[in-house]
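Here is how the chains run, residue by residue.
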Amino acid sequence: MISRLIKQTTKVNQIRSFCSISSDPKGDKIRELLNERLKPTTLNVIDISGGCGSMYKIEVISSEFKGKSMLSQHREVNRILKKVLPSLHGLTLVTKSEEE
């Protein structure tokens, strides 16, 4: 029982190591698209999947959001990322205008 648990733990750690040393092409693409379209003053793209690129938290502050509701801001981000979204398992958005 203990040896099986050790083997499982070792496999999980190997997978985590592999994920954490690989590059983040999805994160890079997300940054590129949002920087190009929103010209944000703040942009944080954080891989919250443990390094494998399946879930992200994106924080964006942009003057493009001025006067828009949170729902409109999120719709805009989703529209910009429409080609990337199908490859993601989850996405958390935090959006604000510069005035907020």
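What comes next concerns the included structure. What you see is a predicted model; the values in this text were computed from it and never measured.

### Considering the sheet that holds strand 3 (residues 90-96)
In step 1: Strand order in the open sheet formed by three strands is 1-2-3, with mixed pairing between adjacent strands. On the outer flanks of this sheet lie strand 1 (42-47) and strand 3, each paired with one strand and no other. Across the sheet, the mean angle from the axis of one strand to that of its neighbour is 10°, orientation sign disregarded.
In step 2: Here strand 2 (residues 55-61) pairs with strand 3 via seven bridges, running parallel. Note that in strand 3 the partner of Y56 across the bridge is L91.

### Topic: the environment of K96
In step 1: Looking at the element boundaries, K96 is found in strand 3.
In step 2: Classification of K96 by relative accessible area gives partly exposed; the value is 38%.
In step 3: Separated by 26 residues in the primary sequence, K96 and M70 place their C-alpha atoms 7.6 Å from one another.
In step 4: In this structure K96 touches V60, I61, S62, F65 and Q73, once residues within four positions along its chain are discounted.

### Quick notes on the side chain of T95
In step 1: Structurally, T95 is set in strand 3.
In step 2: Among the polar contacts listed, one links the side chain of T95 to the side chain of Q73, at a separation of 2.7 Å.
In step 3: A polar contact is formed between the side chain of T95 and the side chain of H74, at a distance of 3.2 Å.
In step 4: Those residues in contact with T95 that sit more than four places away from it in its chain are V60, F65, M70, Q73, H74 and V77.

What counts and how
- Residues numbered from 1 in each chain as written.
- Predicted model: local features only at pLDDT ≥ 70, side-chain atom pairs only at ≥ 80, totals over all residues.
- Heavy atoms only, no water.
- Pairing = 2+ DSSP bridges.
- Helix = DSSP H or I, 4+ residues; strand = E, 2+ residues; numbered from the N terminus.
- Axes fitted to C-alpha atoms, helices over the stretch in contact; angles between N-to-C directions.
- Buried < 20%, exposed > 50% of the residue type's maximum accessible area, 1.4 Å probe, protein only.
- Contact = heavy atoms within 4.5 Å.
- Polar contact = N/O pair within 3.5 Å; in protein donor to acceptor, adjacent residues only side chain to side chain.

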